[in-house]
Amino acid sequence: VQVFSVAELALFLQELFRFNPTLNDVWVKGEISDLRRSPAGHFYFCLRDDTAQIKSVLFRGTAQRLVELPQPGCAVVAHGCLDFYAAQGACELRVDLLYPEGVGLQLMQFEALKLKLEQEGLFALERKRPLPTFPHRIGVVTSDGGAVIHDILTVLERRFPLVEVVFAPSAVQGERAPGELVAAIRRISQFRHEGQPIDLVILARGGGSADDLSAFNDEQVARAIFACGAPVISAVGHQTDFTIADLVADVRSPTPSAAAELAVPDRAALRREVRAMADALVEGTEARLAELRGHVASARQRLLLASPMAAAHARRAELLDRLRRAEHALALSLQSHRYRVESRRLQLQALNPLATLERGYAICYNHAGLVVTRAEQVATGERIVVQVARGELSGQVEGIQERADGVVGAARRQL
Amino acid sequence: MESSERPAASFEEAFQLLEDVVGCLEQGGLSLEETLARFEQGMHLASRCLQLLDDAELRVTRLLADDGLQSGAELMDLESAAD
């Protein structure tokens, strides 16, 4: 016999509840009673019918997402999981969806799936992948033939025909649609051409009623989109309601044509961009050449100023200048010398005995040819020669009168 | 010519290179030889880009469910797509 402690039994029950697939994900309809709201904002109530009741809780965070809040006495359909609440020894329904009774089963299923996938992170914004700027290969999943593939190809052809399209046809409505969509998305995801995968997928369908779109609300389709190796653009063609496929897709677009526009850049805009870059290239090159030319001119200027040639030139000019000044000084000096020489010559000329003779003086030579400056140098009867300015006189001394000074003057007077 | 030597250069590569060349030139500081080489390279790339944009024709491959991945590929054109 195994004896449990109460806590052990409570834990056993908790595990029983949590791992039971039915209790985990259960829809239950009933009437709301004993409704109260805790200070923290959680709703506590009972779901009951004529014979039974189940404690229920709706947490504040979940309640914020609901369109309708629980009202006492209302007949509702609730979705959630059952849990065993050990502290009170009671089981409790944790409500995550709540509708007034009579709402469509399909909508309930849709909301339940949406909630489940959201909690799994399939719609997470962090998980959304950016679209490639220049896709090489685009996968398209849509119905074969018809307007949708034609519209997509027309837009791609007009905007960016460089891209290669890999088209995986699939039924998009009816019983076979979910399975075919999943298979087509997988084929696209696994496709390789020369080792290159598809780098963008368009999942498209034309507009239709909500019933026709059910394949795009299928759980397996959602998981195939999530697992796809390339970013997915959804274009399920229904402006007002998001399908599950739209929520899982990396980008949602309203129509197939819009999806194709989002997928590729516009050729005309790219041409303008390329031309603008070519213009920038020409301008940039010209600007750089002008700049380089400026550098060369300024370098040349500095080189000329700094070179030994420039120094030599300067030195030469200085030398020439000095030389010119020296020549000038020399010329002046020569002139003054010439002048002084001339003046000396004139002085000398004044001292020249011949000049004295010109003034009337005479020189007397004795017979020996010596100049007679004193009377005693000659004897009476001696022959003398008297030199005058022009010519000589010869004669004989007749008498001598000696005087200390002025002999010459006396002789002259005698002559 | 460079463009005929390397016709495999994709638009993306050529466009990216062109952006780099223009950026490099706009940043300045290149030598004369580099400037002229970049100019020539950029002009080749620009005409390569325009040529690729002008000459391109959309290629469409059909990927069918029943056959193998690659063998199921067949060419189709715009007209037959709408049939």
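Along each chain, residues carry numbers from 1 onward, in the same order as the chain's sequence is written. Both sets of labels track the order of writing: A upward for chains, 1 upward for ligands. Whole-chain, interface and lining totals are the exception, using all residues; otherwise, since this is a predicted model, local features are given only for residues with pLDDT of at least 70 and side-chain atom pairs are given and counted only at 80 or more. Excluded from the side-chain calculation are hydrogens and water; included are all heavy atoms of the structure.

**Student:** Residues and numbers for the overall build of chain A, please.
**Tutor:** A run of H or I in DSSP becomes a helix once it reaches four residues, and a run of E becomes a strand once it reaches two; helices and strands are each numbered from the N terminus. Along its length, chain A carries 13 helices and 15 strands. Relative accessibility thresholds used throughout: buried, under 20% of the residue-type maximum; exposed, over 50%; partly exposed, between the two (1.4 Å probe, protein chains only). Looking at the 415 residues of chain A, the share that counts as buried comes to 35%. Any two residues whose heavy atoms approach within 4.5 Å at even a single point are treated as in contact. A separation of at least 24 residues holds for 60% of the contacts in chain A among residues at least 6 apart in sequence. Areas reported as accessible are Shrake-Rupley estimates using a 1.4 Å probe. Residue values count occlusion only from the protein chains shown. Taken as a whole, chain A presents about 25000 Å² of accessible surface, with 56% of it coming from carbon and sulfur.

**Student:** Can you explain the packing of helix α10 (residues 267-306) of chain A against helix α2 (residues 11-27) of chain B? Please cite residues and give values.
**Tutor:** Axis geometry follows a simple rule: fit a line to the C-alpha atoms, using only the stretch in contact for helices, then measure angles between N-to-C directions, giving values from 0 to 180 degrees. Relative orientation of the contacting elements α10 of chain A and α2 of chain B amounts to 30°, with a least axis distance of 9 Å. In terms of axis orientation, α10 of chain A runs roughly parallel to α2 of chain B. Helix-helix and strand crossings are classified by hand; for α10 of chain A and α2 of chain B the assignment is left-handed. Within the contact between the two elements, α10 of chain A uses Leu270, Glu273, Val274, Met277, Ala280, Leu281, Gly284 and Thr285 of chain A and α2 of chain B uses Phe11, Phe15, Leu18, Glu19, Val21, Val22, Leu25 and Glu26 of chain B. In these notes the angle categories are as follows: under 35 degrees is roughly parallel, over 145 is roughly antiparallel, 65 to 115 is roughly perpendicular, and the rest is oblique. Working rule for handedness: look at the near helix, and if it is turned counterclockwise from the far one by less than a right angle, call the crossing left-handed; if clockwise, right-handed.

**Student:** Would you mind going over the sheet that holds strand β2 (residues 43-48) of chain A in detail, with residue names and values included?
**Tutor:** All names here are of chain A. At least two bridges found by DSSP between two strands are what make those strands a pair. Reading around the barrel, the five strands line up as β1-β2-β3-β5-β4 and close back on themselves, with mixed pairing between neighbours. If you compare each strand with its neighbour and ignore which way they point, the axes differ by 50° on average. Sheet topology places β2 next to strand β3 (residues 53-58); six bridges connect them, and they run antiparallel. Counterpart to Leu47 in the pairing with β3 is Ile54. Strands in contact with helix α4 (residues 105-120) are β1 (26-37), β4 (75-85) and β5 (90-100); relative to β5, the strand with the most contacts, it is inclined by about 115°.

**Student:** Tell me about the sheet that holds strand β13 (residues 363-365) of chain A, and name the residues and values.
**Tutor:** Residue and element names in this part refer to chain A. The three strands are arranged β13-β14-β15 in an open sheet whose pairing can be described as antiparallel. The open sheet has two free edges, formed respectively by β13 and β15 (391-396), since each of these has just one partner strand. Sheet twist, expressed as the average angle between the axes of neighbouring strands with direction ignored, equals 25°. Relative to β15, strand β14 (residues 383-388) runs antiparallel, the two being bridged by six bridges. Note that in β15 the partner of Arg383 across the bridge is Gln396.

**Student:** Tell me about unusual backbone geometry, residues and numbers included.
**Tutor:** Residue and element names in this part refer to chain A. Its identity as a non-glycine residue notwithstanding, Asp34 has a phi of 50°, on the positive side. Relative to the assigned elements, Asp34 resides in strand β1. By relative accessible area, which is 54% here, Asp34 ends up exposed.

**Student:** I'd like a rundown of the packing of aromatic side chains, residues and numbers included.
**Tutor:** Two aromatic rings, drawn from Phe, Tyr or Trp (for Trp, its six-membered ring), form a pair once their centres lie within 6.5 Å of each other, and the interplanar angle then sorts them: stacked below 30 degrees, edge-to-face above 60, tilted otherwise. The tally for this structure, following the rule as stated, stands at eight aromatic pairs over all chains. Aromatic pair Phe160 of chain A and Phe11 of chain B: ring centres 6.0 Å apart, planes at 80°, arrangement edge-to-face. Taken as a pair, Phe160 of chain A in the loop between α5 (146-159) and β7 (164-169) and Phe11 of chain B in helix α2 lie in two separate chains rather than in one. Members of the aromatic cluster, joined through ring pairs, are Phe134 and Phe160 of chain A together with Phe11 and Phe15 of chain B. For a lysine, the NZ atom is tested; for an arginine, the CZ atom; a charge sits over a ring if that atom is within 6 Å of the ring centre and within 35 degrees of the ring normal. We note Arg252 of chain A situated over the ring of Phe242 of chain A; from NZ or CZ to the ring centre the distance is 4.1 Å.

**Student:** Can you lay out the interface of chain B and chain A for me, pointing to particular residues and giving the numbers?
**Tutor:** Across the contact, 43 residues belong to chain B and 43 residues belong to chain A. Two parts lose some accessible area (1.4 Å probe) when they are put together, and adding that loss for both gives the buried area. Summed over both partners, the interface of chain B with chain A buries about 3900 Å², with 70% contributed by carbon and sulfur atoms. Its largest share of buried area at the contact with chain A, chain B owes to Leu53, Leu58 and Leu63 of chain B, together 18% of the area lost on that side. Whenever two N or O atoms come within 3.5 Å, that pair is a polar contact, provided that in protein one can donate a hydrogen and the other can accept it, and provided that, for residues adjacent in sequence, both atoms are side-chain atoms. For the pair chain B and chain A, the number of links is 11 residue pairs in polar contact (both at pLDDT 80 or more). Contributions of two or more residues to the side of chain B that touches chain A are made by α2, α3 (32-55), β1 (59-62) and α4 (78-81) of chain B.

**Student:** Provide a residue-level description of the pairing of strand β10 (residues 200-204) of chain A, including the pertinent values.
**Tutor:** All names here are of chain A. Of all five residues that make up β10, five are buried, and the element is covered over most of its length. Residues Leu200, Ile202 and Ala204 of β10 are buried on one face, and the alternating residues Val201 and Leu203, pointing to the opposite face, are buried as well. As paired elements, β10 and strand β11 (residues 232-235) share four bridges and run parallel to each other. Along β11, the bridge assignment pairs Ile202 with Ile233.

**Student:** Residues and numbers for the pattern of salt bridges, please.
**Tutor:** By salt bridge we mean one thing: a side-chain nitrogen of Lys or Arg within 4 Å of a carboxyl oxygen of Asp or Glu. Per the stated rule, a full pass over the model turns up 21 salt bridges over all chains. Where Asp250 of chain A meets Arg127 of chain A, a salt bridge forms, and the shortest distance between an N and an O atom there is 3.9 Å. You can see Asp250 of chain A sitting in the loop between α8 (244-248) and β12 (251-252) and its partner Arg127 of chain A sitting in the loop between α4 and β6 (137-142), a full 123 residues away along the chain. Look at Asp250 of chain A and you get buried, because its relative accessible area is 8%. Residue class for Arg127 of chain A comes out buried when judged on its relative accessible area of 16%. Two residues, Arg59 of chain B and Glu164 of chain A, come together in a salt bridge whose shortest N-O distance is 3.7 Å. Remark: Glu164 of chain A occurs in strand β7 and Arg59 of chain B occurs in strand β1; the pair is interchain, linking two chains. A cluster of three or more residues bridged by salt bridges with shared partners is formed by Lys116, Glu120, Glu219 and Arg223 of chain A.

**Student:** Give me a negative patch on the surface: which residues, what numbers.
**Tutor:** Each patch is built from residues that are more than 30% exposed by relative accessible area and take part in no salt bridge. Like charges join if they lie within 9 Å; nonpolar side chains (Val, Leu, Ile, Met, Phe, Trp, Tyr) join within 5 Å. None of His or the chain ends enter the tally, which takes Lys and Arg as positive and Asp and Glu as negative. In plain terms, the charge of a residue is placed at NZ if it is Lys, CZ if Arg, CG if Asp and CD if Glu. A cluster of acidic side chains, namely Asp279, Glu283 and Glu286 of chain A together with Glu26 of chain B, defines a negative patch on the protein surface. Tracing the backbone through its elements, the reader meets Glu26 of chain B in helix α2. The exposure class assigned to Glu26 of chain B is exposed, which follows from its relative accessible area of 53%.

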